[in-house]
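# Descriptive analysis of the structure
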Amino acid sequence: MSTTRNIPDRLRSPLERNLKSWETLLLLVAIGIFVANSFASPYFLDAWNLSDATFNFTEKAMIAFAMALLIISGEIDLSVAAIIALASTAMGAAAQVGVGTEGLVLIGLSVGLACGAFNGLLVTGLGLPSIVVTIGTMSLFRGISFIILGDQAYRGYPSDFAYFGQGYVWWVISFEFVLFALIAVIYAVLLHLTNFGRAVYAIGNNATGALFSGIRVGRVKFILFLLTGLMSGVAAICLTSRLGSTRPSIATGWELEIVTMVVLGGVNILGGSGSIPGVVIAAFVMGLVTFGLGLLNVPGIVMSIVIGALLIGVIALPRLWQMWRH
Amino acid sequence: MKKLFASREALLMIAIAVLLGVISLRFPAFVAPSNLLGVFNDTSPLILLAIGQMIVILTKCIDLSVAANLALTGMVVSLVNIAAPGLPIIAIVAIAICFGTLLGMFNGILVWKLAIPPIVVTLGTMTIFRGIIFLLTEGKWVNSHEMSDAFKAVPRADLIGLPVLSWIAIAAVILFSIVMTRTSLGRAFYAAGGNPQAATYAGINVGLTQFWAFAISGAIAGLTGYLWVSRFAVAYVDVAGGFELTVVAACVIGGVSIMGGIGSVPGALLGALFLGIIANALPVVNISPFWQMAISGGAIIIAVILNAQANRTQGRIILKRAEHAT
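Residues numbered from 1 in each chain as written. Chains lettered and ligands numbered in written order. Predicted model: local features only at pLDDT ≥ 70, side-chain atom pairs only at ≥ 80, totals over all residues.

### Comments concerning the overall build of chain A
Keep this limit in mind: Helix and strand definitions follow DSSP, with helices as H or I runs of at least four residues and strands as E runs of at least two, each counted in order from the N terminus. As a rule, residues whose C-beta atom has 12 or fewer other C-beta atoms within 10 Å are exposed, those with 20 or more are buried, and those in between are partly exposed; C-beta atoms are placed from the backbone. In this description, a residue-residue contact is defined by the distance between C-beta atoms placed from the backbone, which must lie within 7 Å.
When you go through chain A residue by residue, the secondary structure sums to 15 helices and 2 strands. In terms of its C-alpha atoms, chain A occupies a principal-axis envelope of roughly 70 × 55 × 35 Å. Here chain A holds 326 residues, and the buried ones make up 48% of them. Put simply, of all contacts in chain A between residues at least 6 apart along the chain, 79% involve residues at least 24 apart.

### With respect to the overall build of chain B
Spelled out, the test is: Put simply, the radius of gyration uses C-alpha atoms, and a globule should come to 2.2 Å times the residue count raised to 0.38.
The helix and strand tally for chain B stands at 14 helices and 2 strands. Taking 2.2 N^0.38 as the reference for a compact globule, 326 residues should give roughly 20 Å; the C-alpha atoms of chain B span a radius of gyration of 20 Å, in line with that estimate. For chain B, the C-alpha atoms occupy an extent of roughly 70 × 55 × 35 Å along the three principal directions. The buried share among the 326 residues of chain B stands at 48%. Long-range contacts, defined as pairs at least 24 residues apart, comprise 78% of the intrachain contacts of chain B with a sequence gap of at least 6.

### A closer look at the interface of chain B and chain A
For clarity, the cut-off: In this classification, the charged set is Asp, Glu, Lys and Arg, the nonpolar set is Ala, Val, Leu, Ile, Met, Phe, Trp, Tyr, Cys and Pro, and all remaining amino acids, among them Gly, are polar.
Chain B puts 36 residues into the contact, and the matching count from chain A is 38 residues. When residues in the side of chain B that touches chain A are grouped by element, the largest group, 12 residues, is from helix α6 (residues 118–137) of chain B. Here the side of chain B that touches chain A is built from residues that sort into 27 nonpolar, 8 polar and 1 charged.

### Comments concerning helix α6 (residues 101–125) of chain A
To keep things clear, this is the line we draw: In this analysis, the expected span of each helix is defined as 1.5 Å times one less than the number of residues it contains.
Its 25 residues place the ends of α6(A) 35 Å apart at the C-alpha level, agreeing with the 36 Å of an ideal helix rising 1.5 Å per residue. A positive phi of about 65 degrees marks Gly127(A), the residue just after α6(A).

### So, the confidence of the model for chain B
Residues and elements named next belong to chain B. Rules: What pLDDT conveys is the predictor's confidence in a given residue, as a value from 0 to 100.
Mean pLDDT over chain B stands at 88; residues scoring 70 or higher make up 93%. The lowest-confidence element of chain B is helix α1 (residues 2–6), averaging 54 in pLDDT; the highest-confidence one is helix α11 (residues 206–232), averaging 96. Across residues 313–326, confidence stays below pLDDT 50; counting only partners more than four residues off in sequence or on other chains, it has 0 contacts.

### Details of helix α9 (residues 175–193) of chain A
Between its terminal C-alpha atoms α9(A) stretches 26 Å, which fits the 27 Å expected from 19 residues at 1.5 Å a residue. The elements touched by buried residues of α9(A) are α4 (58–72), α8 (163–166), β2 (173–174), α10 (195–205), α12 (217–243) and α14 (276–295) of chain A.

### Digging into the packing of helix α13 (residues 254–264) of chain A against α14(A)
All names here are of chain A. Convention followed: Note on definitions: angles span 0 to 180 degrees between N-to-C directions of axes, and those axes are lines fitted to C-alpha atoms, for helices only across the stretch in contact. Relative orientations are named as follows: roughly parallel for angles under 35 degrees, roughly antiparallel for angles over 145 degrees, roughly perpendicular for angles from 65 to 115 degrees, and oblique for any other angle. For a crossing to be left-handed, the near helix must be turned anticlockwise from the far one by less than a right angle; the clockwise case is right-handed.
α14 packs onto α13 with a crossing angle of 125 degrees between their chain directions and a minimal axis gap of 7 Å. The orientation of α13 with respect to α14, classified from their angle, is oblique. As α13 packs across α14, the resulting crossing turns out to be right-handed. Residues Met261, Val262 and Leu264 of α13 touch α14, and the partners they reach there are Val279, Ala282, Ala283, Val285 and Met286. Considered class by class, the residues forming the contact of α13 with α14 number 8 nonpolar, no polar and no charged.

### Section: the packing of helix α3 (residues 33–58) of chain B against helix α13 (residues 265–284) of chain B
Residues and elements named next belong to chain B. At a minimum axis separation of 8 Å, α3 and α13 run at an interaxial angle of 140 degrees. By the criterion of interaxial angle, the relationship of α3 to α13 is oblique. When the axes of α3 and α13 are compared, the crossing they make is right-handed. Across the interface between the two elements, Val39, Asp42, Thr43, Leu46, Ile47, Ala50, Ile51 and Met54 from α3 touch Val265, Ala268, Leu269, Gly271, Ala272, Leu273, Leu275, Gly276, Ile277 and Asn280 from α13. Split into classes, the residues belonging to the contact of α3 with α13 amount to 13 nonpolar, 4 polar and 1 charged.

### Structural notes on the environment of Thr252(A)
Tracing the chain through its elements places Thr252(A) in the loop between α12 and α13. Linking Thr252(A) and Ser51(A), residues 201 residues apart in sequence, is a C-alpha distance of 24 Å.

### A few points about unusual backbone geometry
The backbone of Trp171(A) sits at a positive phi, close to 50 degrees, despite the residue not being glycine. Mapped onto the elements of the fold, Trp171(A) is located in the loop between β1 (168–170) and β2. Its 9 C-beta neighbours within 10 Å are what place Trp171(A) among the exposed residues. Of note, Ala240(B) is a non-glycine position whose phi angle comes to about 55 degrees, a positive value. Following the sequence through the fold, Ala240(B) ends up in the loop between α11 and α12 (243–253). By C-beta crowding, Ala240(B) is classed as buried, having 24 other C-beta atoms within 10 Å.

### Quick look at the environment of Met75(B)
Residues and elements named next belong to chain B. Summarising the element assignment, Met75 is placed in helix α4 (residues 66–83). Given 25 C-beta atoms within a 10 Å radius, Met75 is considered buried. The sequence separation of Met75 and Gln53 amounts to 22 residues, and the corresponding C-alpha distance is 21 Å. Excluding its chain neighbours within four sequence positions, the residues that come into contact with Met75 are Ile133, Leu136, Thr137, Val142 and Ala235.

### Comments concerning the environment of Val217(A)
Residues and elements named next belong to chain A. Turning to its location among the elements, Val217 is positioned in helix α12. For Val217, a count of 20 C-beta atoms within 10 Å corresponds to the buried category. Considered as a pair, Val217 and Leu264 are 47 residues apart in the sequence and their alpha carbons are 26 Å apart.

This is how it looks when you write it as structure tokens:
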């Protein structure tokens, strides 16, 4: 390492900062994958195919936005996929006794919120580490689904319930995609333009400092767990509606893909930095990669290798690059 | 006396005794020595993995790739066995340990040299390892008739009334009890997790210590991989799927602090036995095995709450002593 460092005499211009950001790099990757895919398969550049491809990431991305805030604040929630399973099971059970669509939505959201509150209470109320708590609740929530359902499945949802996962707002624009875009805007505003968002960054960088600056650290974190639970509930409604059935193994392994999406989007896994636009682009990158590989008949488990390698690679490469430069 | 009751190991022993007592009220056959030895043998893989995981957690890390490592190594030795049926078992065991160690070292080097958070590394390698099994076999199973008789015989072979599998677990408990309490490497594991800064000042390379923890965890997972596939006489992609969580659960229940620096081999042993007894007792007391997941999830949460309480009171006692001393 050199002892003399170049101290800049001025800030980099906003244009230069934007051009050299993680988000720009990611956008280039996304465009590159898009172009490569359209060369690799003749079926790629088709409006309906591309519309189908968005289902690969919309549900996961809804959770990823809330997870991004949670990770920026220095916590993590590994129970999100299990919350989907529990919320979906609860909706399935309700549908069996004839609850209507409004009731099912309400139940899905409430179960999500309740699970989020349970996680949040354990982490902020009792001061427990979120990794273990959510590994525990991950088994607990999905375990409850297994107790209720065993090896059975719930079917027979009301016909208008199918709209959330299968409906189209206009031409190829699906309801899920619109919901995804709406949630992205809400979270971008929440994180980047509000006091609450600044508090999230402050907590992630220095929780003690934030506490002494008058930020109610526990309350902010509790709200973040609530939001993550709520988003899992929303995703559960969309996924259940799209599949039309519920098994206790629904959404297995999604927690990994969601965390990957967040980290790929440039959010520091140790907390303190990250942006919603980054997560949005990361969602597209992962959706395009899985869809492109799917068109090339690559099996799902091989895609999971790619996702695992992406997760490690996006963190390792910048560090390798820095080591190499020194 | 008070100290004895306060210790996690003693509490767990009482809990296990109560558990066995309750079961024996209705099903006396369950606590017959021969059945208990069977339960111990059945729990041996969990005991082995829990010891490895405990060492990793002691150094403030976590290894979520153990079950995938187990499955991959198990598949590799099965394929070696098919390719060279005449290869002596000692060579198979050596290959299993070496291959598992290499996989563990891969985790370790990413954590040590690139300082990537262990949870990210092992979430990634978890999917990569399982994906590699698929690439090796195209999803095909290795079945009993393809394995040589010698390959399948080892874990079941009887040695002074106990299967070899049980003896290996006993040997590991003794070996690592000595390593953790009587060697400088063992103390380094505690120091690196208990107070990394102080450990650095004391001349302990924290990163390197974490690397060795992952290597040991990998070696144990590799050995267990061979024992697992030979005992069940089958190898496929999803061997021991989700078992990493059971392993972490055993550690947390055994009093290993996820924040690092606190834990013991007897604790991990008892934590594993606690879960093993529950797993074996559920079918006996006629509860659906689907309860297993929720029970271990609940046990993790209760254990982590108890751990936090125990650590808190410990802190207070030290403070009081300090006050009295002045």
